[in-house]
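One letter stands for each residue in the lines below.
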Protein chains: 2
Amino acid sequence: MSSSSHESAFLMSPDFTLSQPPLGKPARLGILASGSGSNFEAIAHAIESGELNAQIVVVVYNNPGAKVTLRAERLGIPARLLDHRTFDSREALDEAITRVFDEYGVNWVVMAGWMRRVTEKLLSAFPQRILNIHPSLLPSFPGIRAVEQAIAAGVKIAGCSVHYVELVVDSGPMIAQAAVPVLANDTVATLQARIQVQEHRLFPLAIAIALEQAS
Amino acid sequence: MSSSSHESAFLMSPDFTLSQPPLGKPARLGILASGSGSNFEAIAHAIESGELNAQIVVVVYNNPGAKVTLRAERLGIPARLLDHRTFDSREALDEAITRVFDEYGVNWVVMAGWMRRVTEKLLSAFPQRILNIHPSLLPSFPGIRAVEQAIAAGVKIAGCSVHYVELVVDSGPMIAQAAVPVLANDTVATLQARIQVQEHRLFPLAIAIALEQAS
């Protein structure tokens with residue numbers, strides 16, 4: 001529904017409400033993050049508040065200075081640095097990730113701002129159990145700088161998408177999407193901030209939907 | 001804003017309200033239509049109800065059996081058949097359209113389901129005064145069968161876009177967009193119907209925005 005306030009207007013689909021997570025063993029999430037990890041924290045909060053039947057068992061990050069480590073420390077969740085610069089190939093990085101995830105008993109992989117391309121190594125270790133969030137209404141604006149792309153294209157509606165990960169970047173079956181308006185005076189920063197508010201709502205919902213689909 | 005009812009949920013941007021149309025001479029709209037003309041009728045109703053400071057002076061259609069003629073007759077608006085099959089080239093058709101529009105003093109061209117590609121002939125006769133509606137959230141799913149494309153891609157949010165027309169099909173600066181959810185049991189027909197409800201709201205708004213931008 002369209003709202004009278006631009007700032008709060010959004011549309012989310014599916015219209016799924018996190019309230020009573022299904023019973024059973026909590027999913028064991030392994031997070032992959034390259035940056036601040038705000039989506040990681042949003043997922044952690046959804047778990048804490050009992051909305052998502054899951055547990056974040058480990059965070060793997062690839063940039064030594066990533067702020068996600070501070071969040072992980074605050075939340076008491078183990079964080080492991082796997083610096084991609086120290087691996088010979090994408091495959092070698094993905095094998096190392098898989099070893100860490102196996103060590104922690106991860107059964108779902110959540111890319112929360114993971115800026116590395118995945119290979120068959122990771123995909124085959126977690127078939128149809130890797131989720132990614134992307135700051136556009138896919139298939140519009142795949143790849144890097146999606147919000148910049150949206151501003152440059154002059155679209156009036158932007159958004160974010162959570163999808164299963166496949167080899168092609170930002171493709172794979174869609175789980176959930178959220179749309180927000182682009183305002184006349186938007187910059188990349190203001191639009192990004194508006195999209196992120198929805199990312200933090202969408203990602204826990206999308207994980208819940210994926211868990212339900214797999215159960 | 002997200003709504004609790006799937007059927008009525010939508011997001012429109014810009015959040016523009018038709019209420020007091022600007023004073024001054026009404027815009028003289030020439031409509032191009034190939035099919036049923038439901039968008040044409042929605043625009044006519046917005047004008048009738050005083051929401052849009054414009055007048056539809058003529059409808060040009062290209063398919064002898066198009067239902068748009070019935071609507072035009074009911075609304076008392078002249079309708080002219082220009083069957084593309086009777087012209088040697090796209091340019092010749094566009095020249096004939098321009099002649100009809102000149103005859104009626106058209107100053108804005110509105111493509112309301114016009115399934116022919118435009119040429120420089122029409123573009124140069126009405127520079128930045130040709131508007132088109134497309135049943136997708138462009139730049140996703142340009143071209144024909146946009147709703148089928150959206151269903152096939154598995155997106156969770158679909159919509160429609162009104163834009164200024166340029167030579168490349170379904171490109172050109174965006175004026176307004178509306179988003180709707182795709183539901184789990186949607187067919188092309190049910191999704192198309194949901195999008196059309198928004199098209200009928202969006203198009204008059206987008207015309208008003210374009211008139212305002214040009215004034």
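Residues numbered from 1 in each chain as written. Chains lettered and ligands numbered in written order. Predicted model: local features only at pLDDT ≥ 70, side-chain atom pairs only at ≥ 80, totals over all residues. Heavy atoms only, no water.

Take helix H5 (residues 146-153) of chain B next. All names here are of chain B. Of all the positions in H5, only Ala146, Val147 and Ala150 are classed as buried. The buried side chains of H5 occupy one side of the element, clustering within an arc of 100° when seen end-on. Buried residues along H5 sit in contact with strand S6 (130-134) and helix H6 (188-214). (Buried < 20%, exposed > 50% of the residue type's maximum accessible area, 1.4 Å probe, protein only. Helix = DSSP H or I, 4+ residues; strand = E, 2+ residues; numbered from the N terminus. Arc of directions from axis to C-beta. Contact = heavy atoms within 4.5 Å.)

This part covers the UniProt feature "site: Raises pKa of active site His" (unreviewed entry) in chain A. Residue and element names in this part refer to chain A. With numbering matched to this structure, UniProt assigns "site: Raises pKa of active site His" (unreviewed entry) to Asp170. Along the polypeptide, Asp170 turns up in the loop between strand S7 (157-164) and strand S8 (174-181). Residue contacts for Asp170: discarding those within four places in its chain leaves Asn132, His134, Leu138, Pro142, Gly143 and His163. Within the structure, the side chain of Asp170 is placed 2.7 Å from the backbone nitrogen of Gly143, a separation counted as a polar contact. (UniProt positions renumbered as here; feature names shortened; annotations may be inferred. Polar contact = N/O pair within 3.5 Å; in protein donor to acceptor, adjacent residues only side chain to side chain.)

Working definition: two side chains of opposite charge can pair if their charged atoms are close together. The final tally for this structure, using the stated rule, is 14 salt bridges over all chains. Measuring nitrogen to oxygen at the nearest pair gives 2.4 Å for the salt bridge that ties B:Glu103 to B:Arg80. Taken as a pair, B:Glu103 in helix H3 (residues 90-103) and B:Arg80 in strand S4 (residues 79-81) lie far apart in primary sequence, 23 residues in all. Residue classification places B:Glu103 among the exposed residues on the basis of a relative accessible area of 52%. With a closest N to O distance of 3.8 Å, B:Glu148 and B:Arg145 form a salt bridge. Here the residues in one salt-bridge network are A:Glu41, A:Arg71 and A:Arg74, joined through shared partners. (Salt bridge = Lys/Arg side-chain N within 4 Å of Asp/Glu carboxyl O.)

Let us look at the UniProt feature "binding site: N(1)-(5-phospho-beta-D-ribosyl)glycinamide" (unreviewed entry) in chain A. Residue and element names in this part refer to chain A. In the UniProt entry, the feature "binding site: N(1)-(5-phospho-beta-D-ribosyl)glycinamide" (unreviewed entry) is given for Gly37, Ser38 and Asn39. Inspection of the secondary structure assignment puts Ser38 in helix H1 (residues 38-48). Apart from the residues lying within four places of it in its own chain, the contact partners of Ser38 are Arg71 and His200. On the secondary structure map, Asn39 appears in helix H1.

Turning our attention to the domain arrangement of chain A. All names here are of chain A. If you check the domain split of chain A, you get domain 1 (25-127) and domain 2 (133-202 + 209-214). One C-alpha centre belongs to domain 1, the other to domain 2, and the line joining them spans 20 Å. Listed by partner, the interface residues are 14 residues for domain 1 and 12 residues for domain 2. Summed over both partners, the interface of domain 1 with domain 2 comes to about 1100 Å²; 70% of that surface belongs to carbon and sulfur atoms. Here domain 1 and domain 2 share zero salt bridges between them. For the pair domain 1 and domain 2, the number of links is two residue pairs in polar contact (both at pLDDT 80 or more). Sorting the residues of the side of domain 1 that touches domain 2 by element identifies H1, strand S5 (108-111) and helix H4 (120-125) as the ones contributing at least two each. (Domains from an automatic or database assignment. Buried area = accessible area lost by both parts, 1.4 Å probe.)

Moving on: the interface of chain B and chain A. Every contact between the two is made by 31 residues of chain B and, on the other side, 31 residues of chain A. Seen at the junction of chain B and chain A, the total is zero salt bridges. At the junction of chain B and chain A, the tally comes to seven residue pairs in polar contact (both at pLDDT 80 or more). For the side of chain B that touches chain A, the element with the most residues is strand S8 (residues 174-181) of chain B, which contributes eight residues. Tallied by class, residues from the side of chain B that touches chain A come to 20 nonpolar, nine polar and two charged. (Nonpolar A, V, L, I, M, F, W, Y, C, P; charged D, E, K, R; others polar.)

With that settled, consider the relation of the copies chain B and chain A. Rotating chain B by 180° and moving it 0.0 Å along the rotation axis overlays it on chain A with an RMSD of 0.0 Å. Each copy turns onto its partner about a two-fold axis. Here 100% of the contact residues of chain B are again contact residues in chain A; the copies associate through an equivalent surface. (Least-squares fit on C-alpha atoms with pLDDT ≥ 70 in both.)

Another point: the sheet that holds strand S6 (residues 130-134) of chain A. All names here are of chain A. Taken in spatial order, the eight strands make up an open sheet running S1-S8-S7-S6-S5-S2-S3-S4, and their pairing is mixed. The open sheet terminates on both sides in strands that have one partner only, identified here as strand S1 (11-13) and strand S4 (79-81). Strand after strand, the sheet turns through a mean of 15° between neighbouring axes, direction not considered. Across seven bridges, strand S2 (residues 27-33) lies against strand S3 (residues 54-61) in parallel orientation. Across the sheet, Ala33 pairs through a bridge with Tyr61, a residue of S3. Where helix H6 (residues 188-214) meets the sheet, it contacts S1, S2, S5, S6, S7 and S8, and its direction lies at approximately 160° from that of S8. (Pairing = 2+ DSSP bridges. Axes fitted to C-alpha atoms, helices over the stretch in contact; angles between N-to-C directions.)

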